[in-house]
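# Overview (structure and organization)
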Amino acid sequence: MFMSTASRIAALLALLTLAGCGDRNDGGDYFPLTPGSQWQYRVERTTMDGVRHLRYLIEVSAPAPQQAADVRSRVTLDGQRYTYKLTDEGIYRLGVQRQRGPQLAEDTQQQLVMPAKLALDQQWQGRSSTAVLESSAPPWESLFRVQVPIEMHYRVASLDADVTTPAGDFDHCLLVSGRGTAATDFGSGIGTASIEVTSYEWYAPTVGLVRMEHHERTSAKALSAGAVVMELDSWSHP
């Protein structure tokens, strides 16, 4: 499946990030969902073709009249909508709607994004996807992209991390690390190869995601590695 660069970054961020509202060390404390809140990020996207610098904007939309009180939605600048539900067990992503040409595509596969309570070394399973394994170098005559689902193993690496971003310095952050592996048949003369994905996400209390690193490596020499680094540039809450 092929997606635009903006769509791939949006999908990646939705799979990695938290959502909700609550007390300190509750998952939701690290991503406020007040309608009207906005976050703008600087994105550095590295593939075998080089480095691209992008901007990414996400905001919390106003609830629809028929929307349940425990449901929240976030939308991206290009109109993608991600829906979450707050439960006693944690925060679940209910689905995503993406505009693909004139048609609206919807993914209703649910997954736990973050447990309700957070503790050092706490672990859980989740899903991600490759986003930067691509190249237009020979032997391909056009851009060759790989999108492979990855089962991820997440861990709370720190509840007191410090991080510096273009938006400023943030203390006492939640740091979540992730790792996943898969084997896939790339085709196109590459054959079967292993993929390893690692991620690091920093969340500041009452602010939200302030930095994210997503690294992809593969044993295929023709399509070896890629990375996405996102840093908070600005944010606002009503």
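See the structure printed just above.
An account of the accompanying structure is given in this report. (Residues numbered from 1 in each chain as written. Predicted model: local features only at pLDDT ≥ 70, side-chain atom pairs only at ≥ 80, totals over all residues. Heavy atoms only, no water.)

## What about the overall build of the protein chain?
The helix and strand inventory of the protein chain stands at 1 helix and 15 strands. Evaluated residue by residue, the protein chain yields a buried proportion of 49% over its 238 residues. For the protein chain, restricting intrachain contacts to residue pairs at least 6 apart in sequence, the fraction spanning at least 24 positions comes to 54%. Accessible surface, the protein chain: about 11000 Å² in total, of which carbon and sulfur atoms supply 50%. (Helix = DSSP H or I, 4+ residues; strand = E, 2+ residues; numbered from the N terminus. Buried < 20%, exposed > 50% of the residue type's maximum accessible area, 1.4 Å probe, protein only. Contact = heavy atoms within 4.5 Å. Areas by Shrake-Rupley, 256 points an atom, 1.4 Å probe, with all protein chains shown as cover.)

## Focus on the pattern of salt bridges
As enumerated under the stated definition, the model contains 7 salt bridges in all. Residue Asp233 is joined to Arg55 by a salt bridge in which the shortest nitrogen-to-oxygen separation is 2.4 Å. In this pair, Asp233 sits in strand S15 (residues 225–236) while Arg55 sits in strand S2 (residues 50–60), placing the two residues 178 residues apart along the sequence. Here Asp233 falls in the buried class, since its relative accessible area comes to 17%. (Salt bridge = Lys/Arg side-chain N within 4 Å of Asp/Glu carboxyl O.)

## Here we look at the nonpolar core
In terms of nonpolar packing, the biggest core is built from 43 residues, with Tyr41, Phe170 and Val210 touching the most fellow members. Val210 has contacts with Val163, Thr165, Phe170, Trp202, Tyr203, Ala204, Met230, Glu231 and Leu232, leaving out every residue within four places of it along the chain. Membership of the second largest hydrophobic core comes to 5 residues, among which are Tyr84, Ile91, Val96 and Val113. (Core = buried A, V, L, I, M, F, W, Y, C linked by side-chain atoms within 4.5 Å.)

## A look at a negative patch on the surface
On the surface, Asp160, Asp162, Asp169 and Asp171 cluster together to form a negatively charged patch. Of the residues examined, Asp162 reaches a relative accessible area of 56% and is grouped as exposed. (Patch = residues over 30% accessible without salt bridge, like charges linked within 9 Å, V, L, I, M, F, W, Y side chains within 5 Å. Lys, Arg positive; Asp, Glu negative; His and termini not counted. Charge placed at Lys NZ, Arg CZ, Asp CG, Glu CD.)

## Looking at the side chain of Arg45
Within the secondary structure, Arg45 is located in strand S1 (residues 38–47). Looking at Arg45, the relative accessible area reads 2%, which means it is buried. A distance of 2.7 Å separates a polar side-chain atom of Arg45 from the backbone oxygen of Ala131. (Polar contact = N/O pair within 3.5 Å; in protein donor to acceptor, adjacent residues only side chain to side chain.)

## With respect to the environment of Glu216
Looking at the element boundaries, Glu216 is found in strand S14 (residues 208–218). By relative accessible area, which is 1% here, Glu216 ends up buried. For the pair formed by Glu216 and Glu196, sequence separation is 20 residues and the distance between their alpha carbons is 5.8 Å. The contact partners of Glu216, leaving out residues within four places of it in the chain, are Ser129, Thr130, Ala131, Val132, Leu133, Glu196, Val197, Ser224, Ala225 and Gly226. A polar side-chain atom of Glu216 sits 3.2 Å from the main-chain amide nitrogen of Val132. One polar contact links Glu216 to His214, side chain to side chain, over a distance of 2.8 Å.

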